[in-house]
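Chain and residue survey
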Amino acid sequence: MKTKLLRTLEKTPKPTVRHFRVWTGTKYRNVAEPHEPLKSQLSEENDHLLDLYERLLAKYHLEDIPQAYRRNHGVHTNAVRHKDNKIWFRFDFKSFYDTIRMEDFAEFIRPRYKDIRTHADEYAACFIDPATGGLTQGSPTSGTLAGIALIPFWLELKKAFPTATITQYSDDLCISGVDWMSQDEVQTAVIQCINRAHLKVQLNTTKTRQDEAQYRYLTGVACNMDNQVTCYRKDYRLYRALLHSMKTNGVENTLIANMKTASQIIGKLAYMKHIDSTGKINRLIDSYAAEIKKLKQLALAEQNTKQKEKLLLCQTGATTN
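On a predicted model such as this, the values are computed, not experimentally measured, just so you know. (Residues numbered from 1 in each chain as written. Predicted model: local features only at pLDDT ≥ 70, side-chain atom pairs only at ≥ 80, totals over all residues. Heavy atoms only, no water.)

A short note on helix 6 (residues 142-149)
Convention followed: Three exposure classes are used, based on accessible area relative to the maximum for each residue type with a 1.4 Å probe and protein chains only: buried under 20%, partly exposed in between, and exposed over 50%. Think of it this way: any DSSP run of H or I at least four residues long counts as a helix, any run of E at least two long counts as a strand, and we number them from the N terminus. What makes two residues a contact is simply this: any of their non-hydrogen atoms within 4.5 Å.
Counted residue by residue, helix 6 has 8 buried out of 8 residues, so it is predominantly covered. For helix 6, the full list of buried residues reads S142, G143, T144, L145, A146, G147, I148 and A149. Tucked inside the fold, the buried residues of helix 6 contact helix 2 (38-59), helix 4 (102-105), helix 5 (120-127), strand 5 (134-135) and helix 7 (151-160).

Set out below in structure tokens:
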């Protein structure tokens, strides 16, 4: 009997992956995602794959390396792991999901899909974008499967850098605690680890960076000279200036002038507060308590308006049909 995932695949329109473009505010981004009902089923599957992922990480003693697409992990934990090391080497992978192939993770997930060898093409249709031959970028399972595929690479990294601190957040790799090595030496070793793991992923060598002391940055998080993690200085200065303008010129006027919504401001401040261990974001929020209160009221109003618009759209669609 076929698994629920393969039965769902049979009900999904072909091709199973749709491609479209999304405006990010500064540029268009190409997106690929599975059609329904496959996409919803993959969301359910990801819960099981995450459990399998955690068991695999424990089996190979790799729990400290991957920081993305895991419960209780994120950009904050990613940076904290390195905070006590003076020099950080940062690497970026190009076309990351596009280069993760079915054979890179198929055997690892066989405990979940015992028939994966006999139905390889069908499972590939669930996980792989036929346009690239790699993981479907907008699929709910792609982050987890990419991590599973990198297990052999991380094992090689641990052999190459036995005393280093190593983390990876999606396509961002960071290695610290090897201050006696040069950037080129570390990069060469990383490329050798990729080759020994028989993966097709590639470093974007133009983005390789070496950060030192007060200039340490990783996945949107900064680390200061006191080894405290916080937000980027430019972000702090920007939102301090916005709040000052709100106090001087009014909240609504500042939002209009800067083409921002209250929800965006509140969301960014919440994120900055979450990653900050210096206390400066709390002090900033306390200094502009009246403006923050007004922003929260406006954000709630924006949310209610969106919900009403969504409900109206659903009702209109139902009437039309």
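Right, picking up where we left off after that structure.
Regarding the side chain of D235
Its location among the elements puts D235 in helix 9 (residues 233-249). Among all residues touching D235, those that are not within four sequence positions of it are K268 and M272.

Digging into the sheet that holds strand 10 (residues 216-218)
Formally: Two strands qualify as a pair provided that DSSP identifies no fewer than 2 bridges between them.
If you walk across this open sheet you meet the 3 strands as 10-11-12, and the pairing is antiparallel. Sheet topology places strand 10 and strand 12 (229-230) at the edges, where each strand pairs with a single neighbour.

Overview of the pattern of salt bridges
Here is the rule we go by: A side-chain nitrogen of Lys or Arg and a carboxyl oxygen of Asp or Glu constitute a salt bridge if their distance falls within 4 Å.
Tallied over the entire structure, the rule returns 19 salt bridges. Taking the shortest distance from any N to any O, the salt bridge between E33 and R18 comes out at 2.6 Å. Note that E33 is positioned in strand 2 (residues 28-34) and R18 in strand 1 (residues 17-23), a separation of 15 residues in sequence. With relative accessibility at 11%, the residue E33 sits in the buried group. For the salt bridge of E156 with R196, the shortest nitrogen-to-oxygen distance reads 3.0 Å. Of this pair, E156 sits in helix 7 while R196 sits in helix 8 (residues 183-196), placing them 40 residues apart in sequence. The class for E156 is buried, based on a relative accessible area of 14%.

Considering the nonpolar core
Put simply, the rule is: Among the buried residues, those of types Ala, Val, Leu, Ile, Met, Phe, Trp, Tyr and Cys that are joined through side-chain atoms within 4.5 Å form a nonpolar core.
One finds F105, F127, F153, I175 and V190 to be the most contacted residues of the largest nonpolar core, which totals 56 residues. With 8 residues, helix 2 is the single largest residue contributor to this core. Contacts of I175, omitting those with residues within four sequence positions, involve H82, I87, W88, F89, F91, L157, F161, A164, T165, I166, V186 and V190. A79, L243, L284 and I292 belong to the second-largest nonpolar core, a separate cluster that totals 24 residues.

Details of the packing of aromatic side chains
Think of a pair of aromatic rings as described by two things: how far the centres are apart, and how the planes are tilted against each other in angle. The following threshold applies: Working definition: a ring pair exists when centres of Phe, Tyr or Trp rings (six-membered ring for Trp) sit within 6.5 Å. Plane angles under 30 degrees give stacked, over 60 give edge-to-face, the rest tilted.
Taken as a whole and judged by the stated rule, the model has 7 aromatic pairs. Aromatic pair F105 and F127: ring centres 6.1 Å apart, planes at 85°, arrangement edge-to-face. Here F105 is found in helix 4, whereas its partner F127 is found in helix 5, with 22 residues between them in sequence. The exposure class assigned to F127 is buried, which follows from its relative accessible area of 0%. Their ring planes at 75° and their centres at 5.1 Å tell us that Y217 and Y232 sit as a pair that is edge-to-face.

In short, the description is geometric, and any link to function would need to be established separately.
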